[in-house]
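One-letter residues, chain by chain:
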Amino acid sequence: MSDPHCPFAALSPQNPDGLLALIAMHRADPRPGKIDLGVGIYRDADGRTPVMRAVKAAEARLLAEQPTKAYLGSEGDPRYAELIAELLLGPGADDPRRFCLQTPGGTGALRLGAELIARMAPQARVWIGDPTWPNHGPIFSAARLVPIAHAFFDRATGTIAFDAMMAALADARAGDVLLLHGGCHNPTGTQFSPDQWRALAQFCIARGLLPFIDLAYQGLGDGLDEDAGGVRLMVDAVPGAMIAYSCDKNFGLYRERVGALWIQAATPITADLARANLLTLARILWSMPPDHGAAVVRIILDDAALAQDWRAELTTMRARLNAVRGSLAAAHPALAAIAGQRGMFSLLPVGPDAVARLRQEHGIHMAGSGRINIAGLSPANLPRFTDALAACLPGDGAPRQDAPPRTTICEDMER
Ligand code: LMR
């Protein structure tokens, strides 16, 4: 019973997060042949998400050898930052105009970055392609910034609507922020070509925009260096950039929450200024980042044998994802674009009615937007999935009439 005297009675009811609600919905489905294409975690062909071999070995070493759990400070572990720098930015990453803070996951990096923007440019609007990861809009809103959705995806072809995107961005003004997915776009699986990255960099320079790149799937697209190509092109070109990085997926460390926020400034002096502000903000938000997952990443990347094994296992994961993409694309003309997409996700050309029907009639669970986690499919369940899906797909590759209407990225909705 609600008590008006209770201080918490003033709170408004909340819709559960759509993606997280999918975990519970799939768990509660008693059908043995159910298929989980919901939340973005890697699964092997048997549907398992094992702890990676190198992670297990590093954890054993950490347990045996860690001398202390004393605080590290708001910046986190500097060695972790150095090693991630090399992974992300390649050789020569060590530059006094750049620095990195360890954060709780990529979400922590996004929120920390949003708070920095709110300090330095409180009027900034944050341009975000639609569709996007549903948490993007709320993260920037929570930092008192205004997210604006712009055209991004051509649902009919399953590709980036680059011309429409650039036309929509004509309204961006100096000081605004352009949020870009570094690759393996969530939810569409699309990626900018190197030429598009160059064009975006020139556009940011010409219009005075700050690019903020979210890179959460490095190594799960075409390769570790290939997947960082866009980021590297951008940071080499522009005077200022931010990168939210996540090790949650490529190290399989999801619940450990391992991320980093990168800043690239025009000069070492402005980099120092940004660093000092970020340390203050991190102290307010979480004081100091959790260490376990980052320590595991550090141990792996600091040890040639472990790093090699991690790369090998990541290669196997990536090959599996891309093989599933190939099989899906071959199964129906309306799915052909999936072969050219990368990462964990693809957005099917189906609407919410079809999504509900697939769940109710076939035990196939996916986000309401039609986003599927490619890793939920395997040779064992793919035929059943494509058979059930075929009944919902158009014959000619065009989206069906019940495809979801365009939405703003700020809406609280199941995606
Ligand atoms: C997803 O998009 O499924 C993942 O990034 C998990 C999440 O936090 O939403």
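To be clear, the structure that these remarks concern was listed above.
Summary of the structure given here. (Residues numbered from 1 in each chain as written. Predicted model: local features only at pLDDT ≥ 70, side-chain atom pairs only at ≥ 80, totals over all residues. Heavy atoms only, no water.)

Here the focus is the pairing of strand 7 (residues 177-181). Among the 5 residues of strand 7, 5 are classified as buried, and the element is accordingly described as predominantly covered. Burial along strand 7 is two-sided: Val177, Leu179 and His181 and Leu178 and Leu180, pointing in opposite directions, are all buried. For strand 3 (residues 125-130) and strand 7, the ladder comprises 3 bridges, and the chain directions are parallel. Across the sheet, residue Ile128 finds its bridge partner in strand 7, namely Leu179. Bridge count between strand 7 and strand 8 (residues 210-215): 5 bridges; the pairing is parallel. Across the sheet, the residue bridging to His181 is Asp214, located in strand 8. Read as a crossover between parallel neighbours, the route from strand 7 over helix 7 (residues 194-207) to strand 8 is right-handed. (Buried < 20%, exposed > 50% of the residue type's maximum accessible area, 1.4 Å probe, protein only. Helix = DSSP H or I, 4+ residues; strand = E, 2+ residues; numbered from the N terminus. Pairing = 2+ DSSP bridges. Right-handed = clockwise from strand over helix to strand, strands pointing away.)

Let's shift gears to the layout of surface pockets. A water-sized probe rolled over the atoms picks out the places where empty space is left. Computed from the structure, the largest pocket encloses a volume of approximately 1,100 Å³. Lining the largest pocket are 41 residues, with Val39, Gly40, Ile41, Lys249 and Tyr254 positioned closest to its centre. The greatest single-element share of the lining of the largest pocket, amounting to 5 residues, is contributed by helix 1 (residues 18-28). Its residues assigned to classes, the lining of the largest pocket shows 16 nonpolar, 13 polar and 12 charged. (1 Å grid on protein atoms, 1.4 Å probe; cavity = no way out; pocket = protein on both sides within 12 Å on 5 of 7 lines; lining within 4 Å. Points joined across faces, edges and corners; volume = space filled by probe spheres on them. Nonpolar A, V, L, I, M, F, W, Y, C, P; charged D, E, K, R; others polar.)

We now examine the packing of aromatic side chains. The final tally for this structure, using the stated rule, is 6 aromatic pairs. Considering the side-chain rings of Phe192 and Trp197, the 5.3 Å spacing of their centres and the 80 degrees angle between planes classify their relative orientation as edge-to-face. The exposure classification of Phe192 matches that of Trp197, with both residues buried. An angle of 90 degrees between the planes, with centres 5.8 Å apart, marks the rings of Tyr217 and Phe345 as edge-to-face. Linking Tyr217 in the loop between strand 8 and helix 8 (224-227) with Phe345 in strand 11 (residues 345-347), this pair joins segments that are 128 residues apart in sequence. Across the pair, exposure class does not vary: Tyr217 and Phe345 are buried alike. (Phe/Tyr/Trp six-rings, centres within 6.5 Å; stacked < 30°, edge-to-face > 60°.)

Moving on, we come to the site of the ligand. In the vicinity of the ligand, the contacting residues are Leu19, Val39, Gly40, Trp133, Asn186, Tyr217, Lys249 and Arg371. Interatomic distance of 2.9 Å between a side-chain N/O atom of Asn186 and an oxygen atom of the ligand. The separation between an oxygen atom of the ligand and a polar side-chain atom of Lys249 is 3.0 Å. Expressed as a share of its isolated accessible area of 260 Å², the protein-covered part of the ligand is 79%. (Near = heavy atom within 4 Å. Polar contact = N/O pair within 3.5 Å; in protein donor to acceptor, adjacent residues only side chain to side chain. Areas by Shrake-Rupley, 256 points an atom, 1.4 Å probe, with all protein chains shown as cover.)

As a further point, take the nonpolar core. Ranked by size, the top nonpolar core spans 95 residues in total, and within it Trp310 and Phe385 carry the most contacts. Ranked by residues supplied to this core, first place goes to helix 3 (residues 78-89) with 8 residues. Not counting the four nearest positions on each side in its chain, Phe385 is found in contact with Ile35, Leu37, Leu328, Leu348, Ile364, Met366, Ile372 and Leu377. Core analysis: the next-biggest nonpolar cluster, separate from the first, contains 34 residues, Ile117, Ala143, Leu261 and Ala271 among them. (Core = buried A, V, L, I, M, F, W, Y, C linked by side-chain atoms within 4.5 Å. Contact = heavy atoms within 4.5 Å.)

This part takes up the environment of Ile160. On the secondary structure map, Ile160 appears in strand 6 (residues 159-160). Separated by 230 residues in sequence, Ile160 and Ala390 place their C-alpha atoms 24 Å apart.

Moving on, we get to the sheet that holds strand 8. Reading across from one edge, 2-10-9-8-7-3-4 is the order of the 7 strands in this open sheet, with mixed pairing throughout. Taken across any chain shown, the strands that pair with only one partner, and hence form the sheet edges, are strand 2 (98-103) and strand 4 (146-151). Direction aside, the axes of adjacent strands within the sheet are offset by 25 degrees on average. The pairing of strand 8 with strand 9 (residues 241-246) spans 4 bridges and is parallel. Of the residues in strand 9, the one forming a bridge with Asp214 is Ala244. Taken strand by strand, helix 3 contacts strand 2, strand 8, strand 9 and strand 10 (259-264), and its axis lies near 70 degrees from that of strand 10. The sheet contacts of helix 9 (residues 229-237) involve strand 2, strand 7, strand 8, strand 9 and strand 10, and relative to strand 8 the element is tilted by about 160 degrees. (Axes fitted to C-alpha atoms, helices over the stretch in contact; angles between N-to-C directions.)

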